[in-house]
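Listed below, chain by chain, are the residues.
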Amino acid sequence: MLQVDGWVDVEDLSFAYREWGKGPLVLLLHGFPDSPGTFHVLGQSLALAGFRAVAPWLRGYGPTFSGAPTSLAQLGRDVLDLADALQLGEPVHVVGHDWGVVAGCMAATLRPERIRRLALLGLPHPAHFLTRVFADQQQLRRSWYMWFFQLPELSESVLCAEDYALIDRLWSDWSPDLTTPIPHRAEITETFDLGGAEGPIGYYRTVFSGGAKRDPDERALYGPVCVPTLSLIGANDGCVGASLAEGQEQYWEWSLTSRIVEGCGHFLHLERPRYVANSIIEFICDPQRPSALSPPVP
């Protein structure tokens, strides 16, 4: 059974969340196909460092439900609403992985005064990714699932078939160096059992939805990000090629520290948990973090 540590009401939606520690708030935003349990080690590390880490089930993921976002900007507004509900009056730290990167970047662009530090895992700036994906043949092949998920009903059926075998395949392809089973797989499958696959898959349909363009906040997709940011991408990422991080600094008007982390793939916070946790804690605790584009980490 899912471990839900709390609920927070935001507008007309109740977000379920996992929680670790007490102190200044760090929001941990999961991606696809995933759940808050992906941040268990990072959450414990942040708690030991004196922070309160809160990882919500994002919009469209059971038990939060609600269906897919109608625009990418809605993801950013969700983050800002969560920040206001959980720590009103104080800016918060945000760590996003995969789709959590999109949510974090949108929030930091819409209301930078609400975000103190931003850490991005497994994906460069979303506008940079969308610009590069169509010009990179290898990345187009990696992103086959994005096009497959445009097919209604069929893609949901395939994702859920054979006890979510496609989820296992995606994790294996995206993190080939992760030799242990997905540690929170039962939580992931229960998340999809509760909320269904339409919500999580719908994120990919939103990217190409004409309706999203009617959201005036959608322009935030193109930045600029005015929040100090740390970007970590695995050198062996089978979902997002590490080379796609090159040039993403154009979307920042504040300091960006961008690193390629050797020896891991897309789920780098599970493959090199100590390095990722230490990097994030050092980053958010350093009040004078300089701008830097760092070389690969051995």
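Description of the structure in this document. Here the residue numbers are simple positions, counted from 1 along each chain's written sequence. A pLDDT threshold of at least 70 governs which residues receive local features in this predicted model, and a stricter bar of 80 or more applies before side-chain atom pairs are shown or counted, although totals over entire chains, interfaces and linings include all residues. Calculation of side-chain values draws on the structure's entire complement of heavy atoms; hydrogens and water are dropped beforehand.

Think of it this way: any DSSP run of H or I at least four residues long counts as a helix, any run of E at least two long counts as a strand, and we number them from the N terminus. Looking only at helices and strands, the chain has eleven helices and nine strands in total. A compact globule built from 298 residues should have a C-alpha radius of gyration of about 19 Å, and the chain, at 17 Å, falls within 12% of that. Across its three principal directions, the C-alpha atoms of the chain cover 50 × 45 × 40 Å. Partly exposed describes any residue whose relative accessible area lies between the buried limit of under 20% and the exposed limit of over 50%, with all areas from a 1.4 Å probe on protein chains only and scaled to the type maximum. Looking at the chain residue by residue over its 298 residues, the buried ones come to 59%. It only takes one pair of heavy atoms within 4.5 Å for two residues to be counted as in contact. Looking at the chain alone, contacts between residues at least 24 apart form 78% of all its contacts between residues at least 6 apart. Summed over all atoms, the accessible surface of the chain reaches about 11,900 Å², with 53% contributed by carbon and sulfur. For the radius of gyration, the atoms used are the C-alpha atoms, and the globule rule reads 2.2 Å times the number of residues raised to 0.38. All accessibility values rest on the Shrake-Rupley procedure with a 1.4 Å probe; residue burial counts only the protein chains present in the view.

Let us look at the pairing of strand β2 (residues 13-20). The element β2 is extensively covered by neighbouring structure, given that six of its eight residues are classed as buried. Sheet topology note: the strand β1 (residues 6-10)/β2 ladder contains five bridges and is antiparallel. Its bridge partner lying in β2, Val10 is registered against Leu13. Here β1 folds back onto β2, and the loop between the two strands holds two residues, one of which, Glu11, carries a positive phi near 55°. Pairing between strands is defined by DSSP: at least two bridges between them are needed. Sheet analysis places β2 next to strand β4 (residues 52-56), joined by four bridges and oriented antiparallel. Within β4, the position partnered with Glu19 by the bridge is Val54.

Following the sequence through the fold, Arg259 ends up in strand β8 (residues 256-261). No salt bridge is formed by the buried Arg259. Its closest oppositely charged neighbour is Glu282, at 5.4 Å. A polar contact is formed between the side chain of Arg259 and the side chain of Tyr275, at a distance of 3.4 Å. When charges are counted, neither His nor the chain ends are considered; positive counts come from Lys and Arg and negative counts from Asp and Glu. Put simply, a salt bridge is a Lys or Arg side-chain nitrogen that is within 4 Å of an Asp or Glu carboxyl oxygen. For this analysis, a polar contact is any N or O atom pair within 3.5 Å, provided that within protein one partner can donate a hydrogen and the other can accept it, and provided that sequence-adjacent residues contribute only side-chain to side-chain pairs.

What follows deals with the packing of helix α2 (residues 72-87) against helix α3 (residues 99-110). Helix packing geometry: the angle between the two helix axes and the distance between the axes. Note on geometry: axes are lines fitted to C-alpha atoms, helical ones only across the stretch in contact, with angles between N-to-C directions running from 0 to 180 degrees. Between α2 and α3, the shortest axis-to-axis distance is 7 Å and the interhelical angle comes to 75°. Judged by the angle between their axes, α2 and α3 are roughly perpendicular. Where α2 approaches α3, its residues Leu72, Ala73, Leu75, Gly76, Arg77, Val79 and Leu80 are matched on the opposing element by Trp99, Val102, Ala103, Met106, Ala107 and Leu110. Note on terminology: angles under 35 degrees are roughly parallel, angles over 145 are roughly antiparallel, angles of 65 to 115 are roughly perpendicular, and the others are oblique.

So, about the state of the cysteines. Cysteine sulfur pairs qualify as disulfides if the two atoms are within 2.5 Å. Enumeration over the complete set of coordinates arrives at zero disulfides. With no disulfide of its own, Cys239 has Cys264 as its nearest cysteine by sulfur position, at a separation of 14 Å. Since its relative accessible area comes to 1%, Cys239 is described here as buried.

What follows deals with helix α1 (residues 40-48). Taken residue by residue, α1 has Leu42, Gly43 and Leu46 as its buried positions. The buried residues of α1 occupy an angular sector of 100° when projected down its axis, which confines them to one face. This arc corresponds to the set of directions leading from the helix axis out to the C-beta atoms.

Glancing now at the packing of aromatic side chains. By convention, a stacked pair of Phe, Tyr or Trp rings (six-membered ring in the case of Trp) has centres within 6.5 Å and planes under 30 degrees apart, an edge-to-face pair has planes over 60 apart, and any other such pair is tilted. Applying the stated criterion across every chain, the model contains 19 aromatic pairs. On the basis of an interplanar angle of 75° and a centroid distance of 5.4 Å, the ring pair of Phe32 and Tyr204 is categorised as edge-to-face. A residue pair is termed long-range when its members are at least 10 positions apart, and Phe32 in the loop between β3 (25-29) and α1 and Tyr204 in helix α9 (residues 198-207) qualify at 172 residues. In this structure, Phe32 and Tyr204 share a single accessibility class: buried. Taking the centre distance of 5.1 Å and the plane angle of 75° together, the rings of Trp99 and Tyr203 count as edge-to-face. Taken together, the residues span a long stretch of sequence, with Trp99 in helix α3 and Tyr203 in helix α9 at a distance of 104 residues. Assigned by exposure class, Trp99 and Tyr203 land together as buried.

A word on the environment of Thr179. By the secondary structure assignment, Thr179 is in the loop between α7 (154-174) and α8 (185-195). Thr179 sits 92 residues away from Glu271 along the chain, and the two C-alpha atoms are 8.9 Å apart.

To estimate the expected span of a helix, count its residues, drop one, and scale the result by 1.5 Å. With 16 residues, α2 ought to run about 22 Å at 1.5 Å a step, and its terminal C-alpha atoms sit 23 Å apart, in line with that. Counted residue by residue, α2 has twelve buried out of 16 residues, so it is predominantly covered. Three or more residues of α2 are buried, namely Leu72, Ala73, Gln74, Leu75, Gly76, Asp78, Val79, Leu80, Leu82, Ala83, Leu86 and Gln87.

Once that is clear, we can look at unusual backbone geometry. Residue Phe32 is joined to Pro33 through a cis peptide bond whose omega torsion reads -15°. Note the cis peptide between Gly62 and Pro63, where omega equals 10°. In this model, Glu162 sits at a positive phi of 50°, which is unusual for a non-glycine residue. Positionally, Glu162 belongs in helix α7. What makes Glu162 exposed here is its relative accessible area of 72%. In the Ramachandran plot, Tyr164 falls in the positive-phi region, its phi being about 60° despite a non-glycine side chain. Its location among the elements puts Tyr164 in helix α7.

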